[in-house]
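Architecture and fold: a report
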Amino acid sequence: MADRRTFNVVILGLGFLFIFTAFTTCGNVEQTVVKSLQNNTFTGSGYHSLGIIYGVFSFANLLAPTVVAVIGPKCTMFLSGLLYSGYIAVFIIPSTWSFYLTSVLIGIGAAMLWTAQGHFLVENSEASTINRNTGVFWALLQCSMLFGNLYIYFDWNGKTEISDSSRKNIFVSLLVTSVLGTLSFLVLRKSHHAEELLSEEEGQSLLSPRTIYKQRANSAVEDAKLEFRTMLQLLKTKTILLLSPCMAYSGLELSFYSGVYGTCIGATAQFGASAKGLIGISGIVVGIGEIVGGGLFGLLCKNNRFRRTSVVFLGMLVHFVAFYFIFLNIPDDAPVVFYTSSQSKPYLAPSVSIALLCSFLLGLGDSCFNTQLYSILGCVYAEQSAPAFAIFKFIQSVFAAVAFFYSGYILLKWQLLLMVILGFTGTLCFFVVERVQNLSVDLPEY
């Protein structure tokens, strides 16, 4: 039985590794790809597409638990994987309508995929194995930032323009990778718990499959209503209100490191022929920062309030240092230029070493904020963790969507200033919540 559960967790991690190798790489380069399209009829924006994805994702999360409860996590993950693959496929023969349609669909698919993943991981874990299984899954997932971006580096290094043939080769490879990840979900086996539930349903009476699914749907709808009411109640608590700026900041910096910063590096004319290839290396270094931070702060510092505030403060400092160097090292118009490279000159002569150092710091700082937000929510809302995490993902995704929409219109310095202001405010509010936690014994009852 343990072997079956371990097998399921490893296959789950590999499936996500393949799918997000494709999607993370796509998100990192898509604005650069869109800018290089030799197609006068295509009017889409990579920033707008990512904004749509995160916007739809934030609201689709409210319906996802119902879908997973009705059709099961395995089927949900497989169907969601097909939506991810469809989005990747659009870049092979791009058209504006399919680009934005699949952006909406993948936003829905992402909500279903992550809800099903959480359900399936818990279903295949026990109290004694949940930490190990979560660690195995996240270790495999974080590696998704390495392989696709490495391919981008080798393929784009030395190129000033991305040809149609190069684009097609890349996205065919990413499509195959995503499809392999999707197909791997079909190999997942039913857990012992799922088999027990199934035999229970079958033993109750000779009900038709339609009746059984109807019962599941009714039960899922009631559970969804109850969770939604709980979310509304939690939104009124001072803990969630105080943590909201920190959650919002995590959305802004998520959009910056996952889609905007790579585009800025690729648009920096002073990097010459190596600029496009550096997008891939930047994505790899961000991933290394995430892995290092997640390992150090997620595992070593969990459930320790003093360290939790220390890690968030470190995350703020790391990000502010990165923002300062980016301000000095990257041209101000890099995120907004479309058909050309940047025209303005930064304060310093652009340095590849500084650019990649900033990539590492962005990943490291992101892991600081995310691991500690999960930690504090799990501590304060131990009995209501699902709706609390749903609120976190909702706020984070909404602000990530907003950031992607303005990123193509606002100069780099103003984007950095906005993140500094919100990051500082969010860190202060996080400290207040920790202080209140130490002084109040009634807060966990919220």
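For the structure itself, consult the block above.
The structure displayed is predicted, hence computed values, not measured ones.

Definitions and limits used
Residues numbered from 1 in each chain as written. Predicted model: local features only at pLDDT ≥ 70, side-chain atom pairs only at ≥ 80, totals over all residues. Heavy atoms only, no water. Helix = DSSP H or I, 4+ residues; strand = E, 2+ residues; numbered from the N terminus. Contact = heavy atoms within 4.5 Å. Core = buried A, V, L, I, M, F, W, Y, C linked by side-chain atoms within 4.5 Å. Buried < 20%, exposed > 50% of the residue type's maximum accessible area, 1.4 Å probe, protein only. Domains from an automatic or database assignment. Axes fitted to C-alpha atoms, helices over the stretch in contact; angles between N-to-C directions. Parallel < 35°, antiparallel > 145°, perpendicular 65-115°, else oblique. Nonpolar A, V, L, I, M, F, W, Y, C, P; charged D, E, K, R; others polar. Left-handed = near helix turned anticlockwise from the far one by under 90°.

Helix and strand content of the chain: 16 helices and 0 strands. For the chain, the proportion of contacts with a sequence separation of at least 24, taken over those separated by at least 6, is 85%.

On to the nonpolar core. Ranked by internal contacts, the top residues of the largest apolar core, which has 108 residues, are F16, M77, F171, F256, Y261, I326 and L377. Split by domain, the residues of this core number at least three in each of domain 1 (1-204) and domain 2 (237-439). In contact with L377, other than residues within four places in its own chain, are I240, L243, M247, A382, A388, F389 and F392.

So, about the packing of helix α4 (residues 73-90) against helix α8 (residues 164-184). For the pair α4 and α8, the least separation of the axes is 9 Å and the interaxial angle reads 180°. Taken together, the axes of α4 and α8 are roughly antiparallel relative to one another. Along the contact surface, α4 presents F78, G81, L82, Y84, S85, I88 and A89, while α8 presents F171, L174, L175, S178, V179, T182 and L183. Residue composition of the contact of α4 with α8, by class: 10 nonpolar, 4 polar and no charged.

Put simply, helix α11 (residues 238-266) and helix α14 (residues 352-380) touch, their axes get as near as 10 Å, and they point 155° apart. With respect to α14, the element α11 is oriented roughly antiparallel. Crossing geometry of α11 relative to α14 is assigned as left-handed. Residues T239, I240, L243, C246, M247, Y249, S250, E253, F256, Y257, Y261 and I265 of α11 touch α14, and the partners they reach there are A355, C358, S359, L362, D366, F369, N370, L373, I376, L377 and V380.

Looking at where I354 falls in the secondary structure, it is placed in helix α14. On the basis of relative accessible area, I354 is assigned to the partly exposed category, the value being 23%. Sequence spacing of I354 and L328 is 26 residues, and the spatial spacing of their C-alpha atoms is 9.7 Å. Excluding anything up to four places from it in sequence, I354 contacts F325 and N329.

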